[in-house]
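Geometric and topological summary
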Amino acid sequence: MKHIEKVLDEKIQGKALVTENKKDNTKKLFIESYGCQMNMNDSEIVAAILDKEGYNTTQILEDADLVLVNTCSIREKAETTVRKRLQKYNAVKKINKNMKVGVLGCMAERLKEKFLEEEKIVDLVVGPDAYKDIPNLLEEVHQGRDAVNVILSKEETYGDISPVRLNSNRVTAFVSITRGCDNMCTFCVVPFTRGRERSRDPKSILNEIQSMVDKNYKEITLLGQNVDSFLWFGGGLKKDFKKASEMAQTTAVDFAQLLDRCATEFPKTRFRFSTSNPQDMSLDVIHTMAKHKNICKYLHLPVQSGSNAMLKAMNRQHTREEYMELIDNIYKIIPEISLSQDMIVGFCGETEQDHKDTLALMDYVKYDFGFMFTYSERPGTLAGNKMKDDVPFETKKRRLQEVIDLQQEHALYRTQQHLGKIEEFLIEGTSKKDLNKWKGRNTQNTVAVFAKGDYKLGDFVNVKVEDCTSATLKGTVVGYSDNN
Ligand code: SAH
Ligand code: F3S
């Protein structure tokens, strides 16, 4: 339970992001990121753009010349958190009068100019596709004008920018491969805030991975709202693929092919990816995962609900039965795979039976991990406009607790399956609870803690798993694995 709450917390918690600073840079940037991993990676892109403008990052808000907050709109709570944060900036700005404040990301895109009216402290509003315009917008701000750019793009993938890694553990990194989403789930604000789906040139993806490998990074997570839908055919919107020339169609690269290339070209590097959407998940991807030892055997496969009525109302493009068949096939091809879910409880019209269907689906799959939420109505979405948010708050809360409790049981069942085994873990950092212990993850994304010994950050080690909670394995290192 504690673990799950923590995971949920982390999903919306902001963090001041810092990197190693350059001597020649004289200005100070305080940048915080809320929401998904894509936002974290976007902040790294923004830091790279501002690095060229003479900004170093700082963790001290009071020292900042420029404060940027990369925001999330996915649930109302995420937006409230950001607004509270702006109040804190306000207090600091009273002392540091020259400090400029900018809002990036999904809230910027959703609220546009309104942000400037609603939150007087804000000088700059920049949507997810307009980060390259930040230097010009800052120029405007310094001339005393408010600056807004929330234009969504058909092409922008930031493929030409090498992100500055922020708060890096120097072992794992994110590489974005698609932007936007075309799926139009009725509850979701993302298609409105991040625009239509487009994929990034595989060449620039492979180049970025090469530069991370050169810096000794050991694990790369390929990111997108819907990675399985990746399709490179020369650039532009995915929805225009059919219109692309025949030539572009025959040379197109899909996600399974991209994954295969990454794993083949960088055999010592571990690969993960997130998020997969069941409707776009092809068994080619699963076969590619099975073929390569260095593609981690873990899939985040959000389902949102186990009820056909809810899936339909949510505009998810599959039924409960199709999802179960997909799960059967995945377990058949990779029996040791770990799976995780996102669930929304209390969506419009959800009955007790719909809720029971969700619990039954969870029993069927027995997910290793889960991210569970109560439905939060978002303005502008189809559900927000046309459907009634009619499940009482108390019922939502009770159902969420039932889903969390069941997930907790399944998580424990899954961690227990590792007991007694010797598994490979990549050392990613020091355990928060015990400074003498490392923490690392195995291929299934399960965390283990073990005594440090002579092993170093970034080593692949074999660990004998001796004990577990529902969230963490405990064990003893028995030696280096053959991946070093
Ligand atoms: N494909 C995306 C999904 C983004 S949103 C990805 O990369 O993760 C992440 C999760 O937030 C969704 O899977 C869904 O479970 C949850 N979510 C989205 N909109 C929501 C809403 N209006 N209320 C509650 N949860 C929501
Ligand atoms: Fe949102 Fe559905 Fe896309 S959850 S990000 S619209 S796949």
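Before reading further, recall that the structure is shown in the block above.
This report concerns the structure included in the present document. (Residues numbered from 1 in each chain as written. Chains lettered and ligands numbered in written order. Predicted model: local features only at pLDDT ≥ 70, side-chain atom pairs only at ≥ 80, totals over all residues. Heavy atoms only, no water.)

1. Focus on the overall build of the chain
When you go through the chain residue by residue, the secondary structure sums to 16 helices and 22 strands. Compactness check: the chain gives a C-alpha radius of gyration of 22 Å against a globular reference of 23 Å for 484 residues, within 12% of the reference. If you line up the chain on its principal axes, its C-alpha atoms span 65 × 55 × 55 Å. Taking all 484 residues of the chain together, the buried fraction comes to 58%. Considering only contacts within the chain whose residues lie at least 6 apart along the sequence, 72% involve residues at least 24 apart. A total accessible area of about 21,200 Å² is found for the chain, and carbon and sulfur atoms account for 50% of it. Taking the average location of the 71 positive side-chain charges in the chain and that of its 71 negative ones, the two points are 2 Å from each other. (Helix = DSSP H or I, 4+ residues; strand = E, 2+ residues; numbered from the N terminus. Rg over C-alpha atoms; globule rule 2.2 N^0.38 Å. Buried < 20%, exposed > 50% of the residue type's maximum accessible area, 1.4 Å probe, protein only. Contact = heavy atoms within 4.5 Å. Areas by Shrake-Rupley, 256 points an atom, 1.4 Å probe, with all protein chains shown as cover. Lys, Arg positive; Asp, Glu negative; His and termini not counted. Charge placed at Lys NZ, Arg CZ, Asp CG, Glu CD.)

2. A word on the nonpolar core
If you look at the biggest cluster of nonpolar residues, it comprises 52 residues, and the most contacted ones within it are Leu222, Phe255, Phe273, Met289 and Leu299. Excluding residues within four positions of it along the chain, Met289 makes contact with Leu259, Phe273, Ile295, Cys296, Lys297, Tyr298, Leu299, Ile334 and Ile337. With 27 residues, the next largest nonpolar core counts Leu124, Ala130, Tyr131 and Ile134 among its residues. (Core = buried A, V, L, I, M, F, W, Y, C linked by side-chain atoms within 4.5 Å.)

3. Some thoughts on the pattern of salt bridges
As enumerated under the stated definition, the model contains 34 salt bridges in all. Ionic pairing is found between Arg110 and Glu79, a salt bridge with its closest N-O pair at 2.8 Å. Of this pair, Arg110 sits in helix α4 (residues 105-111) while Glu79 sits in helix α3 (residues 76-95), and the two are 31 residues apart along the sequence. The exposure class of Arg110 is partly exposed, given its relative accessible area of 23%. Assessed through its relative accessible area of 6%, Glu79 is described here as buried. Arg83 is paired through a salt bridge with Glu119; the nearest N and O atoms lie 2.8 Å apart. Taken together, the residues span a long stretch of sequence, with Arg83 in helix α3 and Glu119 in the loop between α5 (114-118) and β6 (124-126) at a distance of 36 residues. Using a relative accessible area of 14% as the deciding quantity, one classes Glu119 as buried. Each of Asp42, Asp129, Arg179, Arg194 and Arg198 takes part in one network of salt bridges that share partners. (Salt bridge = Lys/Arg side-chain N within 4 Å of Asp/Glu carboxyl O.)

4. Focus on the pairing of strand β20 (residues 447-451)
Sheet topology places strand β19 (residues 437-441) next to β20; five bridges connect them, and they run antiparallel. Paired with Lys439 across the two strands is Val449, which belongs to β20. From the end of β19 to the start of β20, which pair antiparallel, there are five residues, and Asn445 there has a positive phi angle of about 80 degrees. Two elements, β20 and strand β22 (residues 472-480), share four bridges in a ladder whose sense is parallel. Across the sheet, the residue bridging to Phe450 is Gly475, located in β22. (Pairing = 2+ DSSP bridges.)

5. What about the site of ligand 1?
Surveying the vicinity of ligand 1 reveals 14 residues, the closest of which are Gln225, Thr275, Gln304, Asp342 and Ser376. Contacts to ligand 1 include Thr275, whose side-chain N or O atom sits 2.8 Å from an oxygen atom. Asp342 places a side-chain nitrogen or oxygen 2.6 Å from an oxygen atom of ligand 1. Mapped by element, the contributors of at least two residues to the shell around ligand 1 are β16 (338-345) and β17 (369-374). For the shell around ligand 1, the class distribution of residues is five nonpolar, six polar and three charged. (Near = heavy atom within 4 Å. Polar contact = N/O pair within 3.5 Å; in protein donor to acceptor, adjacent residues only side chain to side chain. Nonpolar A, V, L, I, M, F, W, Y, C, P; charged D, E, K, R; others polar.)

6. Digging into the side chain of His292
Looking at the element boundaries, His292 is found in the loop between α11 (283-291) and β15 (298-300). The class for His292 is buried, based on a relative accessible area of 10%. Once residues within four sequence positions are removed from consideration, His292 is found in contact with Asp260, Ala263, Thr264 and Lys297.

7. Structural notes on the site of ligand 2
The environment of ligand 2 is made up of Cys181, Asn183, Met184, Cys185, Phe187, Cys188, Val190, Pro191, Gln225, Asn277 and Arg316. Residues of the shell around ligand 2, tallied by class, amount to seven nonpolar, three polar and one charged.

8. Examining the environment of Ile49
Along the chain, the position of Ile49 falls in helix α2 (residues 37-51). Sequence-distant contacts of Ile49, defined by excluding residues within four places in its chain, comprise Tyr131, Lys132, Pro135 and Ile161.

9. Points about a negative patch on the surface
Among the surface-exposed residues, Glu321, Glu322, Glu325 and Asp328 lie close enough to one another that they form a single negatively charged patch. Among the secondary structure elements, Glu322 is positioned in helix α13 (residues 320-333). For Glu322, a relative accessible area of 44% corresponds to the partly exposed category. (Patch = residues over 30% accessible without salt bridge, like charges linked within 9 Å, V, L, I, M, F, W, Y side chains within 5 Å.)

10. A closer look at the packing of α13 against helix α14 (residues 352-365)
Between α13 and α14, the least distance of the axes is 11 Å, while the angle of their chain directions is 10 degrees. Put simply, α13 runs roughly parallel to α14. In this structure, α13 crosses over α14, and the sense of that crossing is right-handed. Contact residues: Arg320, Tyr323, Met324, Ile327, Asp328 and Tyr331 in α13; Asp357, Ala360, Leu361, Tyr364 and Val365 in α14. (Axes fitted to C-alpha atoms, helices over the stretch in contact; angles between N-to-C directions. Parallel < 35°, antiparallel > 145°, perpendicular 65-115°, else oblique. Left-handed = near helix turned anticlockwise from the far one by under 90°.)

11. Quick look at α11
Residues of α11 that are buried: Val285, Ile286, Thr288 and Met289. Projection of α11 onto a plane perpendicular to its axis shows the buried side chains occupying an angular sector of 160 degrees, all on one side. Check the buried side of α11 and you find it contacts α10 (255-265), β14 (270-274), β15 and α13. (Arc of directions from axis to C-beta.)

12. Re the packing of α14 against helix α16 (residues 393-416)
Closest axis-to-axis distance for the α14/α16 pair is 10 Å, and the angle between their directions is 10 degrees. With respect to each other, α14 and α16 are oriented roughly parallel. Packed against α14, whose contacting residues are Glu352, His355, Thr358, Leu359, Met362, Asp363 and Val365, the element α16 presents Arg398, Arg399, Glu402, Val403, Leu406, Gln407, His410 and Arg414 at the interface. Residues that form the contact of α14 with α16 fall into these classes: five nonpolar, four polar and six charged.

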